[in-house]
Amino acid sequence: MNLHDYIATGILEKYVLGLASPREVTEVEHLRRLSPEIRTELTEIEKRMEHMLMDTPVHPPAMAFHQIVQRLDWEEPAQQESSSPPLEKPMYTLLSGKTMTISIWWRCAFVAVVMLAIVMAVAALYFYQRAHALEQMLWQR
């Protein structure tokens, strides 16, 4: 089969879009390694598709932003007066005011762990000093 006929079949477009079958993918990748013409055609197809997608973007609905903000439970930024310059990034404040309650047992466990850590640190320092003193005594004999 001629390369121009192969290019005209549309298999390269299917490959770029990710719609080609596994057999077609291996075939195109094999031809891509062998033929510089296939490589350049694939690059051109990718560029054409990119330009086409960039020229005709699909904008989200106008209410999408407001629905997302409501779902996140954020306050929308207040409209600024015309005399002040607009902010580059709008600031949001969390409105929910949710609080997290911690069980008394977890608080006790945390206090116990902190106390244990302090005791262990003091014991480590004490035993380090004792070992150092004993080592000094051994060296002096």
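Just above sits the structure.
Anyway, here's the lowdown on the structure attached to this text.

Calculation rules
All chains use their own residue numbering, which begins from 1 and follows the written sequence. Thresholds applied to this predicted model are a pLDDT of at least 70 for local features of residues and 80 or more for the giving and counting of side-chain atom pairs; totals over whole chains, interfaces and linings are not thresholded and use all residues. Hydrogens and water molecules were not included; the side-chain quantities draw on all heavy atoms of the structure. Runs of H or I in DSSP of at least four residues are treated as helices and runs of E of at least two as strands, each being numbered from the N terminus. Each residue is placed in one exposure class: buried if its accessible area under a 1.4 Å probe, protein chains only, is under 20% of its type's maximum, exposed if it is over 50%, and partly exposed if it falls in between. Contact criterion: two residues are considered in contact whenever any of their non-hydrogen atoms come within 4.5 Å of each other. Accessible surface is estimated by sampling points in the Shrake-Rupley manner with a 1.4 Å probe; for residues, cover comes only from the protein chains shown. Stacked, tilted and edge-to-face are the three classes assigned to paired rings of Phe, Tyr and Trp, where Trp is represented by its six-membered ring and a pair needs centres within 6.5 Å; plane angles under 30 degrees give stacked, over 60 edge-to-face, the rest tilted. Salt bridges, as used here, are contacts in which a Lys or Arg side-chain nitrogen is within 4 Å of a carboxyl oxygen on Asp or Glu. Buried Ala, Val, Leu, Ile, Met, Phe, Trp, Tyr and Cys residues form a nonpolar core when they are joined through side-chain atoms within 4.5 Å. The span expected for a helix works out to 1.5 Å for each residue beyond the first. By arc we mean the arc of the directions from the helix axis to the C-beta atoms, nothing more. Distance and chemistry together define a polar contact, namely a pair of N or O atoms within 3.5 Å, with one atom able to donate a hydrogen and the other to accept it when in protein, and with adjacent residues in sequence counting only for side-chain atoms on both sides.

As a further point, take the overall build of the chain. Helix and strand content of the chain: six helices and zero strands. Here the chain holds 141 residues, and the buried ones make up 11% of them. Look at the contacts in the chain between residues 6 or more apart in sequence, and 34% of them connect residues 24 or more apart. Of the roughly 12800 Å² of accessible surface on the chain, 65% is carried by carbon and sulfur atoms.

We now examine the packing of aromatic side chains. Overall, the coordinates contain one aromatic pair when judged by the stated rule. A ring pair is formed by Y126 and F127, whose centres lie 5.3 Å apart and whose planes are at 65°; its orientation type is edge-to-face. Given the relative accessible area of 55%, F127 is considered exposed.

What follows concerns the pattern of salt bridges. Tallied over the full model, the rule gives three salt bridges. Of the charged contacts, one joins R48 and E41 as a salt bridge, the two residues approaching to 3.7 Å between their closest N and O atoms. Residue class for R48 comes out partly exposed when judged on its relative accessible area of 47%.

This brings us to the nonpolar core. Listed in full, the 10 residues of the largest apolar core are Y6, I7, I11, L12, Y15, V28, I38, L42, I45 and M49. For this core, the secondary-structure elements that each account for two or more residues are α1 (3-8), α2 (11-17) and α4 (36-55). At four residues, α4 tops the list of elements feeding residues into this core.

Attention now goes to α4. For the α-helix, the turn length of 3.6 residues means that residues three or four positions removed from each other point alike. Under the 1.5 Å per step criterion, the end-to-end length of α4 is 28 Å for 20 residues, consistent within 8% with the ideal 28 Å. When we look at burial in α4, the residues that qualify are I38, L42, I45 and M49. Looking down the long axis of α4, one finds its buried residues gathered within 60° of arc, a one-sided arrangement. Opposite its buried face, α4 presents the exposed residues H51, M54 and D55, each directed more than 90 degrees away. Where α4 is buried, its residues contact α1, α2 and α3 (22-34). One side-chain oxygen of the residue at the start of α4 lies 3.3 Å from the amide nitrogen of E37, identifying that residue as S35.

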